[in-house]
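Here is what each chain is made of, one letter per residue.
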Amino acid sequence: MITKEQLIPKKYLEMSESAIKESIFIKKEEFGDSLTILAHHYQKDEIIPFADAVGDSLELAKIAQGNKKAKHIIFCGVHFMAETADMLTRSYQKVYLPDALAGCSMADMATRRQLEIGWEKLSSQFSKPIIPITYINSTAEVKAFVGEHGGVIVTSSNAETILKRILSQNYPVLFLPDQHLGRNTSYHLGVELEEMAVWNPRKEQLLNYDESAKLKVVLWQGRCCVHQQYSVKQIEELREKIPNLKVIVHPECPLEVVLASDLYGSTKKIVDEVANSPQGTYWAIGTDNNLVNRIIHNFPNHNIISINSSAFSCITMNRIHLAHLLWTLDEIQLGKDTQRIRVDPRTTTSALKALDRMFTFG
Ligand code: 13P
Ligand code: SF4
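Residues numbered from 1 in each chain as written. Chains lettered and ligands numbered in written order. Predicted model: local features only at pLDDT ≥ 70, side-chain atom pairs only at ≥ 80, totals over all residues. Heavy atoms only, no water.

Draft legend 1. Highlighting the site of ligand 1. The local shell around ligand 1 consists of His40, Tyr42, Asp56, Ser57, Tyr135, Asn137, Ser156, His227, His250, Glu252, Ser266 and Thr267. Within the contact set of ligand 1, an oxygen atom lies 2.8 Å away from a side-chain nitrogen or oxygen of Ser57. Here an oxygen atom of ligand 1 sits 2.8 Å away from a polar atom, N or O, in the side chain of His250. Here ligand 1 has 300 Å² of accessible area as a free molecule, and 96% of this is covered by the chains. (Near = heavy atom within 4 Å. Polar contact = N/O pair within 3.5 Å; in protein donor to acceptor, adjacent residues only side chain to side chain. Areas by Shrake-Rupley, 256 points an atom, 1.4 Å probe, with all protein chains shown as cover.)

Written out as structure tokens, the structure is:
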């Protein structure tokens with residue numbers, strides 16, 4: 001539950017943008033190396049200039065883990081990212097999320113309790129042990145369950161490498177919570193659609209399950225609402241208008257959208273592909289429009305459009321404004337833990353097993 005103390009005081013919302021920027025700049029200077037600000041690619045433009053690092057989930061997790069100097073790590077992203085950073089850092093380091101309401105609706109589609117129930121039911125249907133694989137976009141509790149059951153965490157950057165390794169061991173996999181990342185990655189590794197089924201955690205049953213099929217991958221019925229706004233029709237219409245168009249999408253998009261594209265990958269891969277393409281290349285991108293618009297701005301000599309320019313951006317990522325950043329810095333200076341994200345030691349120990357496997361396998 002969000003307490004009153006975790007809601008931003010009115011005075012910050014009444015400040016001018018220039019006054020907020022100036023204060024953030026001064027406070028960052030005062031903290032020096034003892035504080036670092038990490039920002040995910042989907043953050044608002046106003047946050048980016050104040051970030052010490054901007055990246056995808058894997059890059060930011062590694063940066064948090066590698067930074068031994070900063071006592072304070074402000075994570076401008078969503079809740080699961082701050083939780084992961086807390087688990088990967090040391091006891092003298094504190095991680096903060098500037099707005100307590102910045103969650104990830106996809107991560108919230110799988111609770112530990114639902115996973116325990118699903119696990120028990122699925123285990124009784126398979127003769128071999130099931131390997132749980134969770135997308136990093138999941139709660140610390142879900143990561144802990146996965147760690148306790150011999151499983152591993154993946155991100156959109158390393159899902160293919162890790163899933164390939166697990167599938168080669170010939171064990172069935174439960175992939176959660178994003179069915180699309182799971183389906184796209186499995187399909188590209190040669191798993192047939194008939195070898196996958198969807199687990200509905202509310203009905204507690206497998207959907208489209210053919211008894212005779214040999215299931216290799218069970219996909220949790222979760223999804224990211226942002227990435228459901230890109231369609232094959234939009235891509236086809238753009239291709240008709242723009243010859244030589246290159247299309248790249250995030251793997252949280254449905255399989256048919258990924259198949260209609262030329263490339264797919266993490267937010268880092270999307271940025272890198274555009275950066276490494278010749279000037280003048282025509283690109284259509286299917287991911288959060290905060291990032292797409294920044295890429296358009298940063299590469300003025302390329303011809304870049306969003307596959308759906310009117311798609312809404314991630315609502316929770318967008319909760320973080322400059323005012324939240326200043327408020328967080330103020331609270332830290334006052335010695336208060338208002339925006340701190342803490343994962344308990346028991347959960348951390350279990351989840352770290354799955355995170356360690358990710359770093360080893362990926
Ligand atoms: P990346 O790891 O590709 O940045 O994706 C994170 C995310 O939440 C996309 O919706
Ligand atoms: Fe979660 Fe989707 Fe937002 Fe990424 S874009 S943080 S998956 S809701």
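Read on, since the account is not over.
Draft legend 2. Local environment of helix H7 (residues 159-167). Residues Ala159, Ile162, Leu163, Ile166 and Leu167 constitute the buried set of H7. Considered in projection along H7, the buried side chains sweep an arc of 130° and stay on one side of the axis. Looking at the buried residues of H7, the elements they touch are strand S5 (131-135), strand S6 (152-154), strand S7 (173-176), helix H8 (179-188), strand S10 (217-220) and helix H14 (345-361). (Buried < 20%, exposed > 50% of the residue type's maximum accessible area, 1.4 Å probe, protein only. Helix = DSSP H or I, 4+ residues; strand = E, 2+ residues; numbered from the N terminus. Arc of directions from axis to C-beta. Contact = heavy atoms within 4.5 Å.)

Draft legend 3. The pattern of salt bridges, seen in detail. According to the stated counting rule, one finds 20 salt bridges in the structure shown. Here Lys10 makes a salt bridge to Glu14, at a shortest N to O gap of 3.7 Å. With Lys10 and Glu14 both in helix H1 (residues 10-14) and four residues apart, this pair spans about one turn of that helix. Overall, the relative accessible area of 58% leaves Glu14 in the exposed class. In this structure, the salt-bridge partner of Glu204 is Lys121, at a minimum N-O distance of 3.3 Å. You can see Glu204 sitting in the loop between strand S8 (196-200) and strand S9 (205-207) and its partner Lys121 sitting in helix H5 (residues 112-125), a full 83 residues away along the chain. What makes Glu204 partly exposed here is its relative accessible area of 29%. Relative accessible area serves as the criterion here: at 36%, Lys121 is assigned to the partly exposed category. Sharing partners across several salt bridges, the network here consists of Arg112, Arg113, Glu116, Glu141, Glu148 and Arg346. (Salt bridge = Lys/Arg side-chain N within 4 Å of Asp/Glu carboxyl O.)

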